[in-house]
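Inside the fold
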Amino acid sequence: MTISLIKGQKADLTKANPLLSTLIVGMGWQNNHAAVEVDFSVFLLTAEQKVTRDEDLIFYGNPSGPNGSISVLDNASDTFAGASDLTRLSVVLSSIPPQYERAAFALTIYEGERRRQNFSLLENVYIRIIDSATGSELIRYPITQDFSVETAIVAGEIYKYKGEWKFSAIGSGYAGGLAALCASYGIEVQSNEGSSPPATPSPEPRQEPSTPPQPNSIPFDFSKIVLKKRGDAINLQKGTGPLGEILVNLNWNQRKSSGWFGSKGVDLDLGCLFELKNGMKGAIQALGESFGSLNRSPFISLDGDDRTGAVSTGENLRINGHYLHEIERIVIFAFIYEGITNWSEADGIVSIKQQGGPEIEVRLDEHNNSKGMCAIAMIRNVNDQTFSVERLVEYFAGHRELDQRYHWNLKWEAGSK
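Residues numbered from 1 in each chain as written. Predicted model: local features only at pLDDT ≥ 70, side-chain atom pairs only at ≥ 80, totals over all residues. Heavy atoms only, no water.

Let's talk about the overall build of the chain
Within the chain, the regular secondary structure consists of 4 helices and 27 strands. Residues classed as buried in the chain amount to 52% of the 417 residues present. Counted over contacts in the chain with a minimum sequence separation of 6, partners at least 24 positions apart contribute 71%. Carbon and sulfur atoms provide 48% of the accessible area of the chain, an area that totals close to 18,600 Å². (Helix = DSSP H or I, 4+ residues; strand = E, 2+ residues; numbered from the N terminus. Buried < 20%, exposed > 50% of the residue type's maximum accessible area, 1.4 Å probe, protein only. Contact = heavy atoms within 4.5 Å. Areas by Shrake-Rupley, 256 points an atom, 1.4 Å probe, with all protein chains shown as cover.)

A short note on the sheet that holds strand S4 (residues 38-45)
If you walk across this open sheet you meet the 6 strands as S2-S12-S11-S8-S4-S5, and the pairing is antiparallel. At either end of the open sheet lies a strand with only one pairing partner, and these are strand S2 (10-12) and strand S5 (57-58). Summarising the sheet, S4 and S5 pair through 2 bridges and their orientation is antiparallel. Across the sheet, valine 42 pairs through a bridge with isoleucine 58, a residue of S5. (Pairing = 2+ DSSP bridges.)

Some words on the pairing of strand S25 (residues 359-363)
Two elements, strand S15 (residues 224-226) and S25, share 3 bridges in a ladder whose sense is parallel. Within S25, the position partnered with valine 226 by the bridge is glutamate 361. Relative to S25, strand S24 (residues 349-354) is paired through 4 bridges, and the arrangement is antiparallel. For valine 350, the partnering residue across the bridge sits in S25 and is valine 362.

A closer look at the pattern of salt bridges
One pass over the full model with this rule turns up 20 salt bridges. A salt bridge links lysine 228 to glutamate 55, with the shortest nitrogen-to-oxygen separation between them at 3.2 Å. Of this pair, lysine 228 sits in the loop between S15 and strand S16 (233-235) while glutamate 55 sits in the loop between S4 and S5, and the two are 173 residues apart along the sequence. Lysine 228 sits in the partly exposed class, given a relative accessible area of 42%. The class of glutamate 55 is partly exposed, set by a relative accessible area of 25%. One salt bridge connects aspartate 303 with arginine 318, and the closest N-O pair in it is separated by 3.0 Å. (Salt bridge = Lys/Arg side-chain N within 4 Å of Asp/Glu carboxyl O.)

As for the sheet that holds strand S22 (residues 315-320)
Reading across the sheet, the 7 strands line up as S15-S25-S24-S17-S22-S21-S20 and stay open at both edges, with mixed pairing between neighbours. Looking along the sheet, the strands with just one partner apiece sit at the ends: S15 and strand S20 (292-293). Looking at chain direction, strand S21 (residues 300-302) and S22 are connected through 3 bridges and run antiparallel. Each bridged residue has a counterpart across the sheet, and for serine 301 the counterpart in S22 is arginine 318.

Observations regarding the environment of arginine 115
Structurally, arginine 115 can be placed in helix H1 (residues 112-115). Note: C-alpha distance between arginine 115 and valine 36 (79 residues apart in sequence) is 8.8 Å. In this structure, arginine 115 is in contact with Ala35, Glu37 and Tyr110, ignoring residues within four places of it in sequence.

A few points about the side chain of serine 71
Tracing the sequence through the fold places serine 71 in strand S6 (residues 70-73). The contact partners of serine 71, leaving out residues within four places of it in the chain, are Pro63, Ser64, Arg88, Leu89 and Ser90.

Looking at the packing of aromatic side chains
Inspection of every chain in the model, using the stated rule, returns 5 aromatic pairs. Aromatic pair phenylalanine 43 and tyrosine 185: ring centres 4.7 Å apart, planes at 40 degrees, arrangement tilted. Of the two residues, phenylalanine 43 is situated in strand S4 and tyrosine 185 in the loop between helix H2 (177-184) and strand S13 (187-190); the sequence distance between them amounts to 142 residues. Taken as a pair, phenylalanine 43 and tyrosine 185 share a single burial class, namely buried. For the ring pair phenylalanine 299 and tyrosine 323, a centre distance of 4.1 Å and an interplane angle of 10 degrees mean the geometry is stacked. Taken together, the residues phenylalanine 299 in the loop between S20 and S21 and tyrosine 323 in the loop between S22 and strand S23 (327-338) connect sequence positions 24 residues apart. Relative accessible area serves as the criterion here: at 28%, tyrosine 323 is assigned to the partly exposed category. Its guanidinium or amino end placed over the ring of tyrosine 126, arginine 140 lies 4.5 Å from that ring's centre, counting from NZ or CZ. Its end group placed over the ring of tryptophan 408, arginine 329 keeps NZ or CZ at 3.7 Å from the ring centre. (Phe/Tyr/Trp six-rings, centres within 6.5 Å; stacked < 30°, edge-to-face > 60°. Lys NZ or Arg CZ within 6 Å of the ring centre and 35° of its normal.)

Remarks on the confidence of the model for the chain
On average, residues of the chain score 83 in pLDDT, and 82% of them reach the 70 mark or higher. No element of the chain has a lower mean pLDDT than strand S14 (residues 218-221), at 62, and none a higher one than S2, at 96. Counted against residues more than four places away or in other chains, residues 257-264, with its pLDDT under 50, gives 19 contacts. Low pLDDT, under 50, characterises residues 306-311; the stretch is placed with 20 contacts to residues that sit more than four places away or in other chains. (pLDDT = per-residue confidence, 0-100.)

Quick word on unusual backbone geometry
Among all residues save glycine, negative phi is the norm, and among peptide bonds the norm is trans. Cis peptide bonds are those with omega within 30 degrees of zero, and the linkage from serine 297 to proline 298 qualifies with 15 degrees. Following the sequence through the fold, proline 298 ends up in the loop between S20 and S21. For glutamate 289, which is not glycine, the phi dihedral falls at a positive 55 degrees. With respect to the secondary-structure elements, glutamate 289 resides in the loop between strand S19 (281-284) and S20.

Shown next as structure tokens:
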């Protein structure tokens, strides 16, 4: 049986249900304005209602919190208790580190101030709690307030009180978007859009015990997202039109030495395997002078070949997002064409840039110096709407071994450039 709450009410989670271990938190809304983009975020908070590090903010760019305690689910469209959600998160209560006493679940409008949008443009906003084991809906909070200027909402919180977990219906609106909301929880946002004033929520009942949030100046750069662990993935910003051009850049250590680099320097090459929707497969790389094409099949091109790393722009692959519907998947790779195989000193960085979206960065900070090729990232078509980017950073002896790992089934022969 679902418990329906109104703003300020609280409900028990574990006291009456001691076997409850994993929650699914679903949030949804009705968007009658296609230009309004809504994002979600979760803040893991200490007893002082502040974060302790940037990993305490879970959102599309950091999809898993400490110990995997809170993580973003990809199956938001699946049905629980006869309904789907627009976003879902898994919460493993026993995995939440003991220094955290609450988790706040928020929704924000992307660039709401700049676009002059607010939550009055959305209807039927809600948050609900689902028992992961049974799929039953435990709690639902329909957020019925009239938000005329607010661009961020703290929908609800789970919190620990006397050893038991509870849920509180918050429904607080904030002006200033995600940056202002972060400031209220002690995160100093570094953004290209400039700073936002501290968020000022309307007065409301708070759960016991309560202390106003205090800033602790933890920096967080929303203009860059770093995929830190193998399997971390994020979707490119969809927007309201075509994706446009996606730039994949490889840069590496430009130091000279008498050792690994020698007088000539290392030749670290960028390339990719591609598969199109029509079944066409191939490779884009300087080896064999297979530079591709941006405006005709395969809609991917390699700019050039930086033999030393001395070119400040490194090497670039370009993907034509206007032809998203033609592309199935891409594996971005790098390999050492000349020089001693020593990835640990190359300090390789791959950045994926999209106009209007944050830069996605993959650092080659896991090393296998016995193999000369590294699969860096997998780019996949997501329902012909956007691309997802997944961190790989896996090493291989050469092209054939990488091909076999990702099931491309191409024929390979020795080449040169």
